[in-house]
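# Report on the structure
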Amino acid sequence: MDYLESLTNTVSNLTMYDVKDAFAKAKAVVMNYTEMEAKVREATNNDPWGASSSLMQEIAQGTFNFQHFNEIMPTIYKRFTEKEAYEWRQIYKALQLLEYLVKHGSERVVDDARTHLSMIKMLRNFHYVDEKTGKDQGING
């Protein structure tokens, strides 16, 4: 009986974000994401707050490792190209992460970003207005 009460208490204290986090972790296992791919996905998720500075620093450190670099950068670019406009927050957070990596990551990040400059420049024209509210979404959306 104590186990059932404990389980009930634990489940009743879960928030929507706890459930989303558990789902993201399960999806990472099922989709066979590497550790760095999972970290980039976490840093560029759809949550209404930014990635933690410790997570951004871990990803920046990963850019100094050749294998991790080749997992991190393509995952960021996928966030730009594989997202719909209503997923604007993930695109915006991918841009924030890229900016952080340019400043704090390997020099190869700058070189790689230069080769993808046309893709990045296309985002200058990105605009999204929420159809439900008519609100222009942005940094404080």
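Above this text sits the structure in question.
The following paragraphs examine the structure supplied in this document. (Residues numbered from 1 in each chain as written. Predicted model: local features only at pLDDT ≥ 70, side-chain atom pairs only at ≥ 80, totals over all residues. Heavy atoms only, no water.)

### As for helix 5 (residues 66–81)
Spanning 16 residues, helix 5 covers 23 Å between terminal C-alpha atoms, matching the ideal 22 Å at 1.5 Å per step. Among the residues of helix 5, those classed as buried are F69, E71, I72, M73, T75, I76, Y77, R79 and F80. Buried-residue contacts for helix 5 involve helix 3 (35–43), helix 4 (53–62), helix 6 (88–104), helix 7 (107–115) and helix 8 (117–122). (Helix = DSSP H or I, 4+ residues; strand = E, 2+ residues; numbered from the N terminus. Expected span 1.5 Å × (residues − 1). Buried < 20%, exposed > 50% of the residue type's maximum accessible area, 1.4 Å probe, protein only. Contact = heavy atoms within 4.5 Å.)

### Observations regarding the pattern of salt bridges
This model, assessed by the stated rule, comprises four salt bridges. Close ionic contact of E35 with K39 constitutes a salt bridge, the shortest N to O distance being 3.2 Å. Here E35 pairs with K39, and both are found in helix 3, just four residues apart, close to one helical turn. Taking relative accessible area as the criterion, E35 reaches 54% and is therefore assigned exposed. For K39, a relative accessible area of 14% translates into the label buried. The partner of E58 in a salt bridge is K39, and the shortest N-O contact between them spans 2.2 Å. (Salt bridge = Lys/Arg side-chain N within 4 Å of Asp/Glu carboxyl O.)

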